[in-house]
Amino acid sequence: MAEVAGGRRERGKAEKHARIADAARTLFAENGFEAVTTQQVADRADIAIGTLFRYASTKAELLLMVRNEEFAAAVAQGEVDSAGIADPVQRVLALVAPVLYSGRAGDENLVAYQRELLFGPADAPFRIAGLAIVTRFEELIADCLADGERAGADEIAAARAVFAVLHMEIAAPVARTRTPGMASDVLHRQIELIVAGYHAAPRKPLITSQGKEES
């Protein structure tokens, strides 16, 4: 009986989590992150505010909760789309495109999400989960650059540069208009330059976990 009761509790928690995530996602899409309150999310999910805080302690954590799922899905889609592309620039562009376009309908929410990933509390659970997705994304970019070889420090450094320019591209629509679904020529050129610089730079030896150089 205890096992049955435990399973029922887990199903109940999962159902509440889904209701909270759906409510937050809908309200953020309708009204924007800044205008939404945690009480509105609790009301839409039909739960008490105290129950809401057991799943996400702040409004920022609610945003991270719902955007992490979309971010992870976009990264996974980019991995599929970039597979088999020979040109390194086009391969990286195919990898980052789903992430760039995933927030096109709500740029202000996506910029708020990025802000929380960068500057949110270090111990916030959904921020920690989001940063793990960032790390995975950067590793995939590095793998694109390594082109079948083992990615090392140079590839990770170049991947982080790609992520940085992508971050600025996502923030740009808040300040200026851009055709939906189109990466700017500036982003394309920035990625070209990063990839060209990576290929032109002398390779540094890969340092193993034991502190030894690998050829």
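Shown above is the structure to which this text applies.
Here is what the cut-offs are and how they apply
Sequence order as written defines the numbering, with residues in each chain counted from 1. Per-residue local features of the predicted model are confined to residues with pLDDT of at least 70, and side-chain atom pairs are confined, for both listing and counting, to 80 or more; whole-chain, interface and lining totals are unaffected and use all residues. Only hydrogens and water are removed before side-chain values are computed, so all heavy atoms of the structure are retained for them. Secondary structure is summarised from DSSP: a helix means a run of H or I of at least four residues, a strand means a run of E of at least two, and numbering begins at the N terminus for each. Think of it in three bands: residues with accessible area under 20% of the maximum for their type are buried, residues over 50% are exposed, and the middle band is partly exposed, with areas taken using a 1.4 Å probe on protein chains only. Here, residues are in contact when the closest pair of their heavy atoms is within 4.5 Å. Areas reported as accessible are Shrake-Rupley estimates using a 1.4 Å probe. Residue values count occlusion only from the protein chains shown. Here is the rule: rings of Phe, Tyr and Trp (six-membered ring for Trp) pair when centre to centre is within 6.5 Å. Planes less than 30 degrees apart are stacked, more than 60 are edge-to-face, and the remainder are tilted. Two limits define a charge over a ring: the Lys NZ or Arg CZ must be within 6 Å of the ring centre, and within 35 degrees of the ring normal. A side-chain nitrogen of Lys or Arg and a carboxyl oxygen of Asp or Glu constitute a salt bridge if their distance falls within 4 Å.

> Sorry, what's going on with the overall build of the chain here?
For the chain, the count of helices and strands is 9 helices and 2 strands. Put simply, the chain runs from its N terminus to its C terminus through helices and strands in the order α-α-α-α-α-α-α-α-α-β-β. The buried share of the chain, taken over its 215 residues, is 43%. For the chain, the share of sequence-separated contacts (at least 6 apart) that also reach a separation of at least 24 residues comes to 66%. Carbon together with sulfur atoms contributes 57% to the accessible area of the chain, which is approximately 11,900 Å² in total.

> Before we go on, may I ask you to explain the packing of aromatic side chains in this structure?
The description of an aromatic ring pair rests on the distance of the ring centres and on the angle between the ring planes. Applying the stated criterion across every chain yields a total of 4 aromatic pairs. An angle of 55° between the planes, with centres 5.6 Å apart, marks the rings of Phe28 and Phe33 as tilted. You can call Phe28 buried: its relative accessible area is 3%. Here a set of aromatic residues connected by ring pairs shows up, and it is made of Phe71, Tyr113, Phe137 and Phe163. Across from the ring centre of Tyr113, 5.5 Å away, lies the NZ or CZ of Arg67, which sits over that ring.

> Is there a simple way to explain the pattern of salt bridges in this structure?
Oppositely charged side chains are able to pair whenever their charged atoms sit close together. What the rule picks out here adds up to 13 salt bridges. A salt bridge links Glu30 to Arg44, with the shortest nitrogen-to-oxygen separation between them at 3.4 Å. Placement of the pair is Glu30 in helix α1 (residues 2-31) and Arg44 in helix α2 (residues 38-45), with a sequence separation of 14 residues. The class of Arg44 is partly exposed, set by a relative accessible area of 43%. Put simply, Glu116 and Arg115 hold a salt bridge, and the shortest N to O gap is 4.0 Å. Given the relative accessible area of 14%, Glu116 is considered buried. Overlapping salt bridges bring together Asp22, Arg25, Arg67, Glu69 and Glu70 as one network.

Read these as layout, nothing more, since geometry by itself doesn't imply function.
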